[in-house]
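# Structural overview
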Amino acid sequence: MKETMILKVSDFAFEEKLKIPAKMLAEGKTVAFPTETVYGLGANALDESAISQIYAAKGRPSDNPLIVHIADLEMLEVLVSEIKPYAKALMAAFWPGPIAFIFKKSDRVPTSVTGGLDTVAVRMPDHEVARALIRLSGVPVAAPSANLSGKPSPTLGRFVAEDLFGRVDCIIDGGAVSVGLESTVLDVTGEIPVILRPGKITKEAISEVVGACDVDAATESLSEVTMVAKSPGMKYKHYAPNATLHVYLGDAMGVVKAMYEKTEAAIRANQKVALFVVDEEWCVLEKLFENTLSKADFDKHVVVFSQGSIKALDRYASQLFRDLRDADAHGCDLILARGVEAEGIGKALMNRLIKASEGSVFKI
Ligand code: TXA
Ligand code: MG
């Protein structure tokens, strides 16, 4: 059991506060910190014993490699042995930001960081606290998402504490993250870039900068968990809530009807149901419930998680992991979630919903 220091930081005057955790990182300790995507659990990427503490704290298989976080381009030079010209264009376009690039690694990067691979994932986060922390520590910071292995990535400081208090040296609580889904992972070692994990930076945005961009087939597959994975993270079960999660795709009326019928049946079986609904459909669904259920029954059995408009998916994306955790905290047996079109951020959102539901996606 470690003694975990919790440090709250706000928008101003955080640099002074960050000196303590920055020193911890430099000394080989573990520090969880906010980024714009999700919270990360950091340690000095060049220090093998610091890295082993990350795997131990998360209970993570050690062949699943880590993303190394940098504060500036100078730090990149130490980590990589080759940068393709098109990768430079992508870095200029999207860093700092929610995208990690896979490069050929240098000899300086321990294989414990890369899970034995000869490549390394690197990201410059678009978050002032994260970059100031890395800069002050003076070392590149390896950081997977700051959750216990198998739990959703944390989007609030309190979720990090729930998972990792007593297991890490420090947790920096910087409030809610903005994106809420993990970064796009892009392999830039080949002739053209290949997306290994979809995120906020989309294939279309990448193509606009460099022309061609491929998407690894495993990111689109429902059975990716069992596939031979290019990105080792693909083969592990992730993000699964305790509740059974069903995802509904299709036209509004079809989805409303399916959600209504499933909820009704679950209530009859005395279950508790979480509904991840969009505004356009909730107004119809709510009327159906009002006409058929007493308020007492509804309140006892149903928890509604409003995801905003289906036309503006950023909100749904930023809340998904929080709502999955909160549905579990409410003791829900079943989560019925609105599936979305795989376009823009919807692609990453749907990818996480498919994983969390273990493929229980119903096309209406
Ligand atoms: O948004 C994010 O990327 C967050 C924040 C903290 O930056 N980090 C994060 O790390 O999501 P993690 O460890 O949970 O996910 C890293 C993903 C895994 O799927 C891993 O397999 C993949 O990146 N990855 C890392 N290094 C790789 C490599 N050399 N080749 C292929 N995939 C790699
Ligand atoms: Mg993770």
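Throughout, residues of each chain are indexed from 1 in the direction in which the sequence is written. Both sets of labels track the order of writing: A upward for chains, 1 upward for ligands. In keeping with the model being predicted, local features are shown solely for residues with a pLDDT of at least 70 and side-chain atom pairs are shown and tallied solely at 80 or more, while totals for entire chains, interfaces and linings include all residues. Remark: hydrogens and water are excluded; side-chain values derive from all non-hydrogen atoms of the structure.

## Regarding the overall build of the protein chain
To keep things clear, this is the line we draw: Each helix is a run of DSSP H or I of at least 4 residues and each strand a run of E of at least 2, with the numbering of both proceeding from the N terminus. Throughout, the radius of gyration refers to the C-alpha atoms, and the reference size of a globule is 2.2 Å times the residue count to the power 0.38. Using a 1.4 Å probe on the protein chains alone, a residue whose accessible area is under 20% of its type maximum counts as buried, one over 50% counts as exposed, and one in between counts as partly exposed. Any two residues whose heavy atoms approach within 4.5 Å at even a single point are treated as in contact. Per-residue accessibility takes into account occlusion by the displayed protein chains alone, with areas from the Shrake-Rupley method and a 1.4 Å probe. The charge count treats Lys and Arg as positive and Asp and Glu as negative. His and the chain ends do not count. Each charge is placed at NZ for Lys, CZ for Arg, CG for Asp and CD for Glu.
In terms of regular secondary structure, the protein chain is built from 13 helices and 17 strands. Scaling as 2.2 N^0.38, a compact globule of 364 residues should have a C-alpha radius of gyration of about 21 Å, and the protein chain matches this with 21 Å. Overall, the C-alpha framework of the protein chain stretches about 65 × 50 × 35 Å when taken along its three principal axes. Buried positions account for 57% of the 364 residues belonging to the protein chain. Taking the contacts inside the protein chain whose residues are at least 6 apart along the sequence as the reference set, 71% of them involve residues at least 24 apart. By element, 53% of the accessible surface of the protein chain is carried by carbon and sulfur atoms, the whole surface being about 15200 Å². Treating the 41 positive side-chain charges of the protein chain as one cloud and the 48 negative ones as another, the clouds have centres 3 Å apart.

## Considerations on the sheet that holds strand β16 (residues 334-338)
Note the threshold: At least two DSSP bridges between two strands are needed for those strands to be called paired. Only the contacting stretch of a helix is used when fitting its axis, a line to C-alpha atoms as for every element, and angles between N-to-C directions run 0 to 180 degrees.
Sheet architecture is open: five strands sit in the order β15-β14-β16-β13-β17, paired in parallel fashion. Of all strands in the sheet, those with a lone pairing partner are β15 (302-306) and β17 (361-363), marking the two edges. Each neighbouring strand pair of the sheet contributes to a mean axis angle of 20°, computed without reference to strand direction. Across four bridges, strand β14 (residues 273-277) lies against β16 in parallel orientation. Within β16, the position partnered with A274 by the bridge is I335.

## So, the pairing of strand β7 (residues 119-123)
Counted residue by residue, β7 has five buried out of five residues, so it is predominantly covered. Neither face of β7 is exposed, since T119, A121 and R123 on one face and V120 and V122 on the opposite face are all buried. Bridge count for strand β4 (residues 67-69) against β7 is three bridges, and the pairing is parallel. Bridging across to β7, V68 finds its partner in V122. Taken together, the four bridges between strand β6 (residues 99-105) and β7 define a ladder with antiparallel strand orientation. Looking at β7, one finds that F101 is bridged to V122.

## Observations regarding the packing of aromatic side chains
Defined as follows: Only rings of Phe, Tyr and Trp enter the pairing, Trp through its six-membered ring, and a pair is recorded when the two centres are within 6.5 Å. The plane angle decides the type: under 30 degrees is stacked, over 60 is edge-to-face, the rest tilted.
This structure, assessed with the given rule, holds eight aromatic pairs. A centroid spacing of 5.4 Å and a plane angle of 45° characterise the contact between Y260 and F289, whose relative ring orientation is tilted. You can see Y260 sitting in helix α9 (residues 252-268) and its partner F289 sitting in helix α10 (residues 279-292), a full 29 residues away along the chain. You can call Y260 buried: its relative accessible area is 13%. Feature note: the residues Y260, W282, F289 and F298 constitute an aromatic cluster, connected by ring pairs.

## Observations regarding the packing of helix α1 (residues 14-26) against helix α6 (residues 128-137)
Quick reminder of the rule: The scheme is simple: roughly parallel for angles under 35 degrees, roughly antiparallel for over 145, roughly perpendicular for 65 to 115, oblique for anything else. Left-handed describes a crossing whose near helix is turned anticlockwise from the far helix by less than a right angle; the clockwise case is right-handed. Here the nonpolar group is Ala, Val, Leu, Ile, Met, Phe, Trp, Tyr, Cys and Pro; Asp, Glu, Lys and Arg are the charged ones; every other residue, Gly included, is treated as polar.
As a packed pair, α1 and α6 sit with axes 8 Å apart at the nearest point and diverge in direction by 55°. Accordingly, the angle class assigned to the pair α1 and α6 is oblique. Considering the relative orientation of α1 and α6, their crossing is right-handed. Between α1 and α6, the contacting residues are F14, E15, L18, K19, P21, A22, L25 and A26 on the first element and E128, V129, A132, L133, R135, L136 and S137 on the second. A breakdown of the residues in the contact of α1 with α6 according to their chemical character gives ten nonpolar, one polar and four charged.

## Observations concerning unusual backbone geometry
If a residue is not glycine, its phi is most likely negative; likewise, a peptide bond is most likely trans. Going from W95 to P96, the amide bond is cis rather than trans, its omega being -5°. One can find P96 in the loop between α4 (85-94) and β6. Here the phi dihedral of N270 falls at roughly 60°; this positive angle occurs in a residue that is not glycine. Looking at the secondary structure, you find N270 in the loop between α9 and β14. Here E358, not a glycine, exhibits a phi torsion of approximately 55°, which is positive.

## Concerning the environment of L148
Here L148 shows up in the loop between β8 (141-142) and α7 (157-164). Linking L148 and M253, residues 105 residues apart in sequence, is a C-alpha distance of 38 Å. Ignoring sequence-local partners within four residues, the contact set of L148 consists of A57, K58, D163, L164 and R167.

## What to know about the confidence of the model for the protein chain
Note the threshold: The quantity known as pLDDT measures the predictor's confidence residue by residue, on a range of 0 to 100.
Per-residue confidence for the protein chain gives a mean pLDDT of 93; residues scoring 70 or more make up 94%. Predicted confidence is poor over residues 223-230, with pLDDT under 50, and the contacts of this stretch with residues over four places away or in other chains come to 16 contacts.

## What about the nonpolar core?
Quick reminder of the rule: Here, nonpolar core refers to any group of buried Ala, Val, Leu, Ile, Met, Phe, Trp, Tyr and Cys residues whose side-chain atoms link them within 4.5 Å.
By size, the foremost hydrophobic cluster in this structure holds 63 residues, and its most contacted members are W95, F101, F103, V122, I172, L186 and I206. Residues L320, A327, I345 and A356 belong to the second largest nonpolar core, which totals 29 residues.

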